[in-house]
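Below are the chains, spelled out letter by letter.
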Amino acid sequence: MSTTSAGMAGAGAGGSIGARMGRGAAWGILLAIVAISIFPFYWALRTGLTRNVDLFGGGQQLLPGDATGLNFKRVLGLASDAEIQEATGRENSASFNYVLALRNSIIIATIVTVGQVFFSAMAAYAFARLEFKGRDKLFFLYLTGLMIPPIFTLIPNLILIKNFGWLNSFPGMVAPYFLMTPFAVFFLRQFFLGINRSLEEAAIIDGANHFTIFRKVILPIATPQMVTLAVLTYVTSWNEFLWPLVVAPTDENVQPLTVALGAFTQQQPGTSPDWSGLMTGTVLAALPMLLLFMAFGRRLVDSIQFSGIK
Amino acid sequence: MTAATTTKQASNKTNLSGGWPVAFWFLLPSLIGFTLFFFVPTLRGFYLSFTDWNLLGNEGEFIGLENYRTLAGDDNFYDSMLTTLWYVVLNIGSQTILAIMIAVMMDRLTKSTTIRSILLLPWLMPNVVVALLWLWMLDGNFGVVNAFIDWLPLGGLFGDGPFRFFQDVGKVIPAIAAINTWKFTGYTALLIFAGLQTIPKSVYEAGAMDGATELQMFRNITLPLMRPVLALVLVLTIVGSFQVFDIVQVATGGFGGQPGGPVNASRVIYLYIFQNAINFNDLGYAAAISVVLVIILLGVTALQMRLLRAGESDLA
């Protein structure tokens, strides 16, 4: 056995140039894929820094020849009429109120995240730590919620929100995600189950009740996981398109960025659309997620890998 | 329960248990949310499919199986189901192969968190942003992809450009599948990469000792051992892929186009449900299509779970 493996190892060493070339090629492919992941963002930024007229004159060079901040100015609502006309090359162009939509997105995502994470943590505590009749059955029932595609509950929920009189309003936007999602409860329960019980037992002996334990023992220990869940919830809420589209199809005072940007696209003419403006809006809509990514990217990678191992 | 202080001598288990009087308060918010927005709507969704509900104040008459009878003879339904299937095949096929490649390369080459983070970036973006980025990249007049294809020495291998991906009946679904592949490949690769970490390195070392090439190790070690995680990933991604909507709505609905166009070539099942509910105001019929979709998705999941079990016992 040892002689054969030595012989084989010798053969392997002979092929090492080939193996090294293989590794080089693999690195090349990997870096190319990394480049393809980033390039569209760069390209959108490059387009946003270019006037429409210059785009149509063959704006496919990698660097913008005559960069301008005009598109960013007008999408942020800071440009004069004359400047807008210069940037778009036409008298009337569709507009996109970025600041208002950004405000709405922040309001919606923040309310959803705070409510969902806190109330789901309460439920997760009950499922992980308390004993009551029918606990496992109820938890299983919650989990079946994961199997139902969102479009199935979309229509009944829309009717319910309409009956509440919450169409075109923030309460209507956040209601379905404010008190829980099955995923959030499931996610936190997993972590709560793993927390050592000895701390709680000590607290019980000191006379603490469950609400105190939840606040003073569990929440502080589980803070990292709650932050991870909060980031995931914030991203999901920020990216949501279908629900806000049906709840507030026309009212731009409550529409989040996704819906406002979609409406901006639909207003574009079939010929010579305002690509510079669209890409500026796209870059600005991507920006908050980019910032979140820079702050929490590593945490997100870890949490996804965790779910991959499970 | 308030008895905590008086039962110091009793077992800790009773103290910790709480029972319904305590659990009730912890569960109350989530129970309200679950009941109002998940449980009752699910039941109501089934009920709606037997009515002719609309949003204009019609409370909906019970019409029995009428919606399902219409559905059985609705060519548009079959058409959009086939469109969806074609999309799922293209999207899952390309995305899974690429993700496996990336995961294996990362596993064998680098543990860099930076690379993994960058690959995850497209997944974080709103679908609307993704749709717009690629709508511009793939534009028929000034899109950089067309410029790139022009530049490649292909000699018109794929026909003459420029390609108008979103105006071409045959290209719109492949284009949308490619866009979503761009968005989800990094995420899928991370899930698979995590699964690969459970394979002991000693197996590869033994393989290298025996003079196996990277390709042989991939075929004989990696592929069999990652089958369980692959099955799990496929359940997640296929069910998600069936539900494509946002990108179709935005990418085909802009610039005077019709969502689902051209000529309904990209009218996937989610869009068909959406159109029936919102545009045609036929909530009952939309609910009936949703019921069928749920049944299909449950079937897909159950089938894959069986395959998953068949793939167990790989890593003893």
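Scroll up a little and you will see the structure.
Residues numbered from 1 in each chain as written. Chains lettered and ligands numbered in written order. Predicted model: local features only at pLDDT ≥ 70, side-chain atom pairs only at ≥ 80, totals over all residues. Heavy atoms only, no water.

1. Focus on the overall build of chain A
What counts is decided by this rule: Each helix corresponds to a stretch of at least 4 residues labelled H or I by DSSP, and each strand to a stretch of at least 2 residues labelled E; elements are numbered beginning at the N terminus. Partly exposed describes any residue whose relative accessible area lies between the buried limit of under 20% and the exposed limit of over 50%, with all areas from a 1.4 Å probe on protein chains only and scaled to the type maximum. Pairs of residues are marked as contacts when any of their non-hydrogen atoms sit within 4.5 Å. Here, Shrake-Rupley sampling with a 1.4 Å probe gives the accessible areas, and only protein chains in the shown set may cover a residue.
Regarding its fold elements, chain A presents 16 helices and zero strands. The buried share of chain A, taken over its 310 residues, is 49%. In chain A, of all internal contacts separated by at least 6 residues, the share reaching a separation of at least 24 is 73%. Surface accessibility of chain A: about 13900 Å² in total, with carbon and sulfur atoms responsible for 65%.

2. Side note on the overall build of chain B
In terms of helices and strands, chain B carries 14 helices and zero strands. Each helix and strand of chain B, ordered N terminal to C terminal, gives the series α-α-α-α-α-α-α-α-α-α-α-α-α-α. For chain B, the proportion of its 316 residues judged to be buried stands at 55%. Of all intrachain contacts in chain B linking residues separated by at least 6 positions in sequence, the fraction that spans at least 24 positions is 68%. Counting every atom, chain B has about 14000 Å² of accessible surface; 66% of that belongs to carbon and sulfur.

3. Examining the packing of aromatic side chains
Worth spelling out the cut-off: Each aromatic pair joins two rings of Phe, Tyr and Trp (for Trp, the six-membered one) with centres within 6.5 Å, and gets the label stacked for planes under 30 degrees apart, edge-to-face for over 60, and tilted for any other angle.
This model, assessed by the stated rule, comprises 35 aromatic pairs over all chains. Measuring from centroid to centroid gives 5.6 Å for Phe183 of chain A and Phe187 of chain A, while their planes differ by 45°, and the two rings are tilted. Here Phe183 of chain A pairs with Phe187 of chain A, and both are found in helix α10 (residues 182–193), just four residues apart, close to one helical turn. Judged by relative accessible area, Phe187 of chain A falls into the buried class, the value being 9%. Judged by centre distance (4.6 Å) and plane angle (5°), the ring pair of Trp123 of chain B and Tyr187 of chain B falls under stacked. Residue Trp123 of chain B is found in helix α5 (residues 113–124), and its partner Tyr187 of chain B is found in helix α8 (residues 172–196); the two are separated by 64 residues along the sequence.

4. A word on the environment of Met173 of chain A
Residue and element names in this part refer to chain A. Checked against the element boundaries, Met173 lands in helix α9 (residues 170–178). Judged by relative accessible area, Met173 falls into the buried class, the value being 3%. As for Met173 and Trp243, which are separated by 70 residues in sequence, their C-alpha atoms are 7.3 Å apart. For Met173, the contacting residues outside a window of four places in its chain are Ile108, Trp243, Pro244, Val247, Ala248, Val254, Gln255 and Pro256.

5. Some words on the interface of chain B and chain A
Formally: Salt bridges are identified by distance alone: a Lys or Arg side-chain nitrogen within 4 Å of an Asp or Glu carboxyl oxygen. In protein, a polar contact requires one atom able to donate a hydrogen and another able to accept it; more generally it is a pair of N or O atoms within 3.5 Å, and residues adjacent in sequence count only if both atoms are side-chain atoms. In the scheme used here, Gly and all other residues not listed as nonpolar or charged are polar, with Ala, Val, Leu, Ile, Met, Phe, Trp, Tyr, Cys and Pro taken as nonpolar and Asp, Glu, Lys and Arg as charged.
At the interface, 105 residues of chain B touch 104 residues of chain A. Scanning the region where chain B abuts chain A turns up zero salt bridges. Counting every contact that joins chain B to chain A gives ten residue pairs in polar contact (both at pLDDT 80 or more). Looking at the side of chain B that touches chain A residue by residue, the classes come out as 73 nonpolar, 24 polar and eight charged.

6. A look at the side chain of Thr83 of chain B
Residues and elements named next belong to chain B. Here Thr83 shows up in helix α4 (residues 75–109). Taking the relative accessible area as the measure of exposure, Thr83 reaches 9% and is therefore buried. Leave out the neighbours within four places in its chain, and Thr83 touches Ile173, Ala265, Ser266, Arg267 and Val268.

7. A short note on helix α7 (residues 135–144) of chain A
Put simply, the test is: By definition, the arc is the one covered by directions from the helix axis to the C-beta atoms.
Buried within α7 of chain A we find Leu138, Phe139 and Tyr142 of chain A. One side of α7 of chain A holds all its buried residues, which, seen down the axis, span an arc of 100°. Exposed side of α7 of chain A, more than 90 degrees from the buried face: Asp136, Lys137 and Phe140 of chain A are the residues found there. Structurally, α7 of chain A contributes buried residues whose contacts are with α6 (98–129) and α10 of chain A together with α2 (20–48) of chain B.

8. Examining the packing of α10 of chain A against helix α13 (residues 223–239) of chain A
All names here are of chain A. Operational definition: Structural elements are reduced to axes, namely lines fitted to C-alpha atoms, with helices fitted over the stretch in contact, and the angle between N-to-C directions of any two is expressed from 0 to 180 degrees. Working rule for angles: under 35 degrees goes down as roughly parallel, over 145 as roughly antiparallel, 65 to 115 as roughly perpendicular, anything else as oblique. Definitions for this section: a left-handed crossing has its near helix turned counterclockwise from the far helix by less than a right angle. A right-handed crossing has that turn clockwise.
Following both chains from N to C, one finds α10 and α13 inclined at 160°, their axes separated by 10 Å at the closest point. With respect to α13, the element α10 is oriented roughly antiparallel. Crossing hand, α10 versus α13: right-handed. Here Phe183, Ala184, Phe187, Leu188 and Phe191 of α10 come into contact with α13, specifically with Gln225, Met226, Thr228, Leu229 and Leu232.

9. Focus on a nonpolar patch on the surface
We apply this condition: Think of a patch as exposed residues, more than 30% relative accessible area, with no salt bridge, where like charges cluster within 9 Å and nonpolar side chains (Val, Leu, Ile, Met, Phe, Trp, Tyr) cluster within 5 Å.
Where nonpolar side chains cluster on the molecular surface, the patch consists of Ile29 of chain A together with Ile97, Leu98 and Met101 of chain B and spans about 330 Å² of accessible area. The biggest single contributor to the nonpolar patch is α4 of chain B, with three residues. If you trace the backbone, Met101 of chain B turns up in helix α4. On the basis of relative accessible area, Met101 of chain B is assigned to the partly exposed category, the value being 35%.

10. Some points on the pattern of salt bridges
Residues and elements named next belong to chain B. Summed over all chains, the structure comprises nine salt bridges over all chains. Put simply, Asp107 and Lys201 hold a salt bridge, and the shortest N to O gap is 3.6 Å. With Asp107 in helix α4 and Lys201 in helix α9 (residues 201–209), this residue pair connects regions lying 94 residues apart in the sequence. You can call Lys201 partly exposed: its relative accessible area is 35%. Three or more residues are tied together by salt bridges with common partners; here these are Asp107, Lys111 and Lys201.

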